[in-house]
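# Per-entry structural report
Next come the chains, spelled out residue by residue.
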Amino acid sequence: MKAIRRFTVRPVLPEPLRPLSDLARNLRWSWHAETRDLFQSVDPERWAAAKGDPVRLLGGVRPARLAELAADRRFLRRLTAVVDDLGDYLTGDRWYQQQGDGLPAAVAYFSPEFGITAALPQYSGGLGILAGDHLKAASDLGVPLIGVGLLYRHGYFRQSLSRDGWQQEHYPVLDPHELPVTQLEEADGTPARVSLALPGGRALHARIWLAQVGRVPLLMLDSDVEENDLGERGVTDRLYGGGSEHRLLQEMLLGIGGVRAVRTYCRLTGHPAPEVFHTNEGHAGFLGLERIAELCARDLDFDAALEAVRGGTVFTTHTPVPAGIDRFDRELVARHFGPDAELPRIDVQRILALGMETYPGGEPNLFNMAVMGLRLAQRANGVSLLHGQVSREMFAGLWPGFDAEEVPITSVTNGVHAPTWVAPEVLRLGARQIGSQRAEDALTVGGSERWDSVADIADQDIWELRRTLREQLVFEVRDRLRASWRQRGAGDAELGWIDGVLDPDVLTIGFARRVPSYKRLTLMLRDRDRLMELLLHPERPVQIVVAGKAHPADDGGKRLVQELVRFADDPRVRHRIVFLPDYGMAMAQKLYPGCDVWLNNPLRPLEACGTSGMKAALNGCLNLSVLDGWWDEWFQPDFGWAVPTADGAGTDPDHRDDIEAAALYDLLERRVTPRFYERGRAGLPDRWIEMVRRTLGRLGPKVLAGRMVREYVDRLYAPAARSHRAMTPDTARELAAWKARVRAAWPGVSVDHVETTATTATAELGTAVGLRVRVGLGELEPDDVEVQAVSGRVDAEDRITEATAVPLKPAGAPDLEGRRLYEGPLSLDRTGPYGYTVRILPAHRLLTSAAELGLVTVPSQDMAEGAGVLLR
């Protein structure tokens, strides 16, 4: 029989055990081994059944066992020690508190998904896992972050397979009362609420749930409340579901409602108000509009409020392709703003102008969330060095007249939260080597270029560790594979073969990620006979563990999954290659440590960063990857192997896949497997172990989320806080008025004449020539602009590369026609073909980049052709 109503019955803990509830509600347990060990000791069988979720564990422990523990002095001493440790962690000074003055009092970090723990399934893939690791690392460092997201009642889908290998989706209902979250309440005990106005006089209400991630509060908005109509209740039903309007409402709730939730939280708790707002991808971009509306309510006009908001905003883009960005029809956006809907005091046209693709190649009727994010942020970044370059090229249309390398988008390469992803056995080995506290500091704070102590670990210890982790993965795979086949309709009698799946002494390759086409799940299947030879080699076999989810609406991705599953079902190879459905954090935490090689073969440069290989590396797994994302930045032969790519623009996609698959097979046959199976004098694979050692010692410190968050603090958060403080209402009005004046006058700015003291087309290295430039500034003054000489090597088409810009100085008063003279030396600091040009840029003390306004004036084409290349 089916229940007509559901309740959550909470356990009543004996008084001595009450602190267990506090420990369960702070998600630090998800990365703190001592806390997890304590919960496991409460009831090992129920801990396993609860899949490591202490809230579920405590909800199922027998009262007799609780009474027994309440009288167990040894257990109570352990409980006290863990509680005291958490207290010290939450209140003590950490890295951030030791950095001196000037850092932001608080930072609000907005993301559509957060992967904190499998017990709080609010993530779909890399973006959410990265956001979760960002919060955890900020907590470890003491950064005063406030996370902001949505609480999805169905989370992301659970994946299973049909008998013929087709992906099937399931959306289990999540009850917030059974999750490690608490409801934010007003002082009178009523639930705290935020509301958004909808067209037609309707409203969207949401309550605020709080997940405590160590020191960091994570606020999650939930629209499933009685005050809403049925349609509005479903706004937060599932992650990345629904049509355009559904997604727009989710993103309005995240951005606008999220700012209101932050204000509510700070009011109720006394938490410092954020000085910096960090938008993790374009989904939360509307947060800038809400902050503009706040300032307009305090008598700032829109333009001044925009400048004030931009100063304290950081925008991170995570996609290298336009298709990965949310874009909405302008009429849909217009309907949800203005007098009859949300933000009624702001002109709808001003809102639309922030997101419209008003640049060459853009779609003029589409509202682009990433474009709005960039226009509302003074600082922006990609998530790897290569992705920063790709982003500058992709968004260059927003800064017309500037070369892509001058587009003001920097990069901070992603990192991963080591305590979450490093296997306990690896942590114990590190603690044995250098002590528990030093090992914890190395993995959380980071800061060292190398972990030299890894060099002192004996080869035997490293190899035994790797085999232990591989063996654990074998048992994990068999359990999951058996469960998957039962879901596919198989009976126990036909599953005896699973006991022979994988071998703890065989080279193990892992491949697990989302399944969009560019990640090429099935590249390994291009030559199936050759793959079979690798899997079944009599002396140097390999085994492969594959996992991944296709988006529910992506039938192409589902076909790739089915193709891989059908190959893995072949009785000839099914003991050597497996596909595990329902890839998530719990599986990943077993998969990364247990693999010897982590495979990644995306179409370059479509992997923005890719962090799964980082997690594998921290466990001593070697990377075998296309040079894309983070691997392009940090690859060295010491750490693994680079798959050659066929990047030519004219290469046929099928031919490209054939070339790169062949290169992958060659690497595995000739370099990877021989090194793994080659044995030295002591019977150990000495050269393989040395690669593991170098991966841990040299790559390990680079891939940490602690390193990433410290870079965000130093390079983005601290400068944004300074800009925020400098942007007083009067300053914001001044900057807005100056920008308006400069934009209006810019058509009158011109480069009228350029001459040089050089008399020949050759010169010696180290000499200097003089430049004299006559410019027209129209209605602007010299203080409004900077006149620059830009020089460097030139290519065959006279385009300047590796450019250096040097400001020229004004000389004397304007001539009778109002033109001004600028002069300066041009140093010839490079040999070979060399060229220069001049340009005029807006200049103001509050600009963070000369390209900020997207205005530049250069010599006319006729003048450029007359000047030619200076030196050859």
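Residues numbered from 1 in each chain as written. Predicted model: local features only at pLDDT ≥ 70, side-chain atom pairs only at ≥ 80, totals over all residues. Heavy atoms only, no water.

## Some thoughts on the overall build of the protein chain
For clarity, the cut-off: Under the scheme used here, helices are H or I runs from DSSP no shorter than 4 residues and strands are E runs no shorter than 2 residues, and both carry numbers assigned from the N terminus. Atoms counted for the radius of gyration: C-alpha only. Globule rule: 2.2 Å times the number of residues to the power 0.38. Relative accessible area decides the class of each residue, using a 1.4 Å probe on protein chains only: under 20% of the type maximum gives buried, over 50% gives exposed, and in between gives partly exposed. Under the convention used here, a 1.4 Å probe and the Shrake-Rupley method define accessible areas, while residue burial counts only the protein chains that appear. Charge counting treats Lys and Arg as positive and Asp and Glu as negative, with His and both chain ends excluded. All charge positions are set by atom: Lys at NZ, Arg at CZ, Asp at CG, Glu at CD.
The secondary structure content of the protein chain amounts to 29 helices and 27 strands. Computed over its C-alpha atoms, the radius of gyration of the protein chain comes to 30 Å, within 12% of the 29 Å expected for a compact globule of 872 residues. If one aligns the C-alpha atoms of the protein chain with their principal axes, the spans along those axes are about 95 × 70 × 50 Å. Counting the 872 residues in the protein chain, one finds 57% classified as buried. By element, 49% of the accessible surface of the protein chain is carried by carbon and sulfur atoms, the whole surface being about 35800 Å². Side chains of the protein chain give 104 positive and 120 negative charges; the mean places of these two sets differ by 5 Å.

## A few points about the pairing of strand E13 (residues 379-382)
Convention followed: We treat two strands as partners when DSSP finds at least two bridges between them.
What you see with E13 is no split at all: Arg379 and Asn381 on one side and Ala380 and Gly382 on the other are buried throughout. Across three bridges, strand E10 (residues 313-316) lies against E13 in parallel orientation. Across the sheet, the residue bridging to valine 314 is arginine 379, located in E13. Judged from the two bridges that link them, E13 and strand E14 (residues 410-411) form a sheet pairing that is parallel. Its bridge partner being in E14, asparagine 381 is matched across the sheet by threonine 410.

## Comments concerning the side chain of arginine 65
Using the following cut-off: Should any heavy atoms of two residues lie within 4.5 Å, those residues are counted as being in contact.
With respect to the helices, strands and loops of the structure, arginine 65 is situated in helix H5 (residues 63-70). Sequence-distant contacts of arginine 65, that is, excluding residues within four places in its chain, are made with Ser41 and Val42.

## What about the sheet that holds strand E22 (residues 768-776)?
Pairing between sheet strands relies on hydrogen bonds along the backbone, with the strands arranged either parallel or antiparallel. Taken together, the four strands give an open sheet; going across it, the order is E21-E22-E26-E25, and neighbouring strands pair in antiparallel fashion. The sheet terminates laterally at strand E21 (750-756) and strand E25 (809-810), the two strands that pair on one side only. By the bridge criterion, eight bridges tie E22 to strand E26 (residues 820-827) in an arrangement that is antiparallel. Bridge assignment links glycine 770 to a residue of E26, and that residue is proline 825.

## Regarding the pattern of salt bridges
Once the charged atoms of two side chains with opposite charge are near each other, the side chains can pair. Heads up, the condition is: We define a salt bridge as a side-chain nitrogen of Lys or Arg found within 4 Å of a carboxyl oxygen belonging to Asp or Glu.
Per the counting criterion, the structure on display carries 69 salt bridges. For glutamate 307, the salt bridge goes to arginine 310, with nearest N and O atoms at 3.9 Å. Separated by three residues within a single helix, glutamate 307 and arginine 310 lie in helix H11 (residues 302-311), roughly one turn from each other. The residue arginine 819 makes a salt bridge to glutamate 817 at a minimum N-O spacing of 3.5 Å. For arginine 819, a relative accessible area of 25% gives the class partly exposed. Salt bridges linked by common partners bring Asp459, Asp638, Glu690, Arg693, Arg694 and Arg698 together as one network.

## Here's the deal with the pairing of strand E27 (residues 834-842)
Of all the nine residues making up E27, eight are buried; the element is thus mostly covered by neighbouring parts of the structure. Bridge analysis of strand E23 (residues 785-794) against E27 gives nine bridges, and the strand direction is antiparallel. Paired with glutamate 786 across the strands is leucine 841, a residue of E27.

## Thoughts on the confidence of the model for the protein chain
To keep it simple, the criterion reads: Confidence per residue, as judged by the predictor, is encoded in pLDDT with a range of 0 to 100.
Across the protein chain, the average pLDDT comes to 93, with 97% of residues at or above 70. The model gives residues 868-872 a pLDDT under 50, and that stretch makes 25 contacts with residues more than four places away or in other chains.

## Re the side chain of asparagine 280
The following threshold applies: A 3.5 Å cut-off defines polar contacts: any pair of N or O atoms within that distance qualifies, except that in protein one atom must be a possible hydrogen donor and the other a possible acceptor, and neighbouring residues in sequence count only when both atoms are side-chain atoms.
Tracing the backbone through its elements, the reader meets asparagine 280 in strand E9 (residues 276-280). Of the polar contacts made by the side chain of asparagine 280, one reaches the side chain of serine 111; its length is 3.3 Å. Look past the residues within four positions of asparagine 280 in its chain and what remains in contact with it is Tyr109, Phe110, Ser111, Pro112, Leu127, Leu130, Ala131, Thr316 and His318.

## What about the packing of helix H20 (residues 528-535) against helix H25 (residues 653-677)?
Here is the rule: Angular values range over 0 to 180 degrees, each being the angle between N-to-C directions of two axes fitted as lines to C-alpha atoms, with helices fitted over their stretch in contact. Any angle from 65 to 115 degrees is called roughly perpendicular, while one under 35 is roughly parallel, one over 145 is roughly antiparallel, and all others are oblique. By convention the crossing between two helices is left-handed if the near helix lies anticlockwise of the far one by an angle smaller than a right angle, and right-handed if it lies clockwise.
At their nearest, the axes of H20 and H25 sit 11 Å apart, and the two run at 20° to each other. The angle between the axes of H20 and H25 places the two elements in the roughly parallel class. Here H20 and H25 pass one another in a crossing that is left-handed. Two secondary-structure elements touch here, H20 through Arg530, Leu531 and Leu534 and H25 through Ala662, Tyr665, Asp666, Leu668 and Glu669.

## A word on the nonpolar core
As a reminder, the rule being used: Working definition of a nonpolar core: buried Ala, Val, Leu, Ile, Met, Phe, Trp, Tyr and Cys residues. They are joined through side-chain atoms within 4.5 Å.
Ranked by internal contacts, the top residues of the largest apolar core, which has 104 residues, are Met524, Leu624, Trp641 and Trp688. Not counting chain neighbours up to four residues away, the residues in contact with tryptophan 641 comprise Val597, Leu622, Asn623, Leu624, Ser625, Trp631, Phe635, Leu667, Arg671, Val672, Trp688 and Met691. In terms of nonpolar packing, the next biggest core, distinct from the first, is built from 95 residues, Ala108, Leu196, Leu254 and Trp746 among them.

## Looking at helix H22 (residues 585-594)
The buried fraction of H22 is high, at seven of ten residues. Those residues of H22 not exposed but buried are Met585, Met587, Ala588, Leu591, Tyr592, Pro593 and Gly594.

## Things to note about a positive patch on the surface
So the rule is basically this: Like-charged residues are merged into a patch within 9 Å and nonpolar side chains (Val, Leu, Ile, Met, Phe, Trp, Tyr) within 5 Å, provided each residue has over 30% relative accessible area and no salt bridge.
On the surface, Arg73, Arg74, Arg77 and Arg78 cluster together to form a positively charged patch. Position of arginine 78 relative to the elements: it lies in helix H6 (residues 73-91). Among the residues examined, arginine 78 registers a relative accessible area of 36% and is labelled partly exposed.

## Quick word on helix H28 (residues 729-745)
The line we're drawing: Each residue after the first adds 1.5 Å to the expected span of a helix.
Between the first and last C-alpha of H28 there are 24 Å, a value that for 17 residues agrees with the 24 Å anticipated at 1.5 Å per step. Burial in H28 covers these residues: Thr731, Ala732, Leu735, Ala736, Trp738, Lys739, Val742 and Ala745.

## Overview of the sheet that holds E27
Here three strands make up an open sheet; going across it, the order is E24-E23-E27 and the pairing antiparallel. On the outer flanks of this sheet lie strand E24 (800-807) and E27, each paired with one strand and no other. Pairwise comparison of adjacent strand axes, ignoring direction, gives a mean angle of 25° for this sheet.

## A few points about the environment of glycine 126
In this structure, glycine 126 sits in helix H7 (residues 126-141). Along the primary structure glycine 126 and arginine 845 are separated by 719 residues, whereas in three dimensions their C-alpha atoms are 38 Å apart.

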